[in-house]
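If you want the building blocks of each chain, they are given just below.
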Amino acid sequence: MTSWFFVLGVPLFLYGLVSVAAPSWTGKALVGFPRWKVAGWILCAIGWFWTAHELDVIGIEIFDRYLKAFPGELWILATVLTPLTCWWMPNLLPLRGLAAVFMLFPASLFPAVRLCDTPWRLALVVVAYACAITGMFGMFYPWHWRRALAWRAESKGRVVAFGFVFLLTGVLLLALGGLSAAGKIS
């Protein structure tokens, strides 16, 4: 559980800090991110290979019957589907890749925190559900997500306000991670 506090807390803290410290730069980055080709390729590859991993370990018989017909099939599919997705669906690909990551990481987080005997695990669960819902929305409606980012970027006040929310959430998760590492919460 400790590592999950840091895995989620560090990026939230850093994003919030940059948003508060450099709102103009953050606004430009928010507008440019949906069409950033390199980020799209990287996030798309992460999404496909993470999907292959999840399908490999999830153990659902109907998936296994078709997606494990021969050894390494899932990994071959991920290797083939990554460039095909990048070539055939380049529009807003970084948002779709980020949406995939947002939808996939809770599958690893939930089993890790399920048996932790502290109500503070719910902080991780809430963040994971918020990310999963955002990921689902972003996967199906990336143009709306792009418009929401552009709307946030239009005003320095909005960038800073959202930045404070991310910053405070990151501080909370990092503090909980520190307490968890010190054995104050289990």
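Calculation criteria
Residues numbered from 1 in each chain as written. Predicted model: local features only at pLDDT ≥ 70, side-chain atom pairs only at ≥ 80, totals over all residues. Heavy atoms only, no water. Phe/Tyr/Trp six-rings, centres within 6.5 Å; stacked < 30°, edge-to-face > 60°. Helix = DSSP H or I, 4+ residues; strand = E, 2+ residues; numbered from the N terminus. Buried < 20%, exposed > 50% of the residue type's maximum accessible area, 1.4 Å probe, protein only. Lys NZ or Arg CZ within 6 Å of the ring centre and 35° of its normal. Axes fitted to C-alpha atoms, helices over the stretch in contact; angles between N-to-C directions. Parallel < 35°, antiparallel > 145°, perpendicular 65-115°, else oblique. Contact = heavy atoms within 4.5 Å. Nonpolar A, V, L, I, M, F, W, Y, C, P; charged D, E, K, R; others polar. Disulfide = S-S within 2.5 Å.

Caption draft 1: Just the packing of aromatic side chains, in detail. Tallied over the full model, the rule gives 9 aromatic pairs. Seen from their ring centres, F110 and Y129 are 5.1 Å apart, and the 35 degrees between their planes marks the pair as tilted. Taken together, the residues span a long stretch of sequence, with F110 in helix α6 (residues 93-113) and Y129 in helix α7 (residues 121-140) at a distance of 19 residues. A relative accessible area of 48% means that Y129 is categorised as partly exposed. Measuring from ring centre to ring centre gives 6.3 Å for W151 and F162, while their planes differ by 90 degrees; the resulting arrangement is edge-to-face. Of the two residues, W151 is situated in helix α8 (residues 142-153) and F162 in helix α9 (residues 156-181); the sequence distance between them amounts to 11 residues. Exposure remark for W151: the relative accessible area of 44% places this residue in the partly exposed category. Positioned above the aromatic ring of F162, the side-chain terminus of R152 is 4.7 Å from the ring centre.

Caption draft 2: Seen up close, the packing of helix α2 (residues 23-32) against α9. Relative to each other, α2 and α9 sit at 90 degrees, their axes nearing to 9 Å. The pairing of α2 with α9 is recorded here as roughly perpendicular in orientation. Side by side, α2 and α9 meet where P23, S24, T26 and G27 of the first sit next to K156, V159 and V160 of the second. Residues of the contact of α2 with α9, tallied by class, amount to 3 nonpolar, 3 polar and 1 charged.

Caption draft 3: The state of the cysteines, seen in detail. Inspection of every chain in the model, using the stated rule, returns 0 disulfides. No disulfide involves C44; its sulfur sits 3.8 Å from the nearest other cysteine sulfur, which is in C86. Residue C44 is classed as buried on the basis of its relative accessible area of 5%. Lacking any disulfide linkage, C116 is separated from the closest cysteine sulfur, that of C131, by 18 Å.

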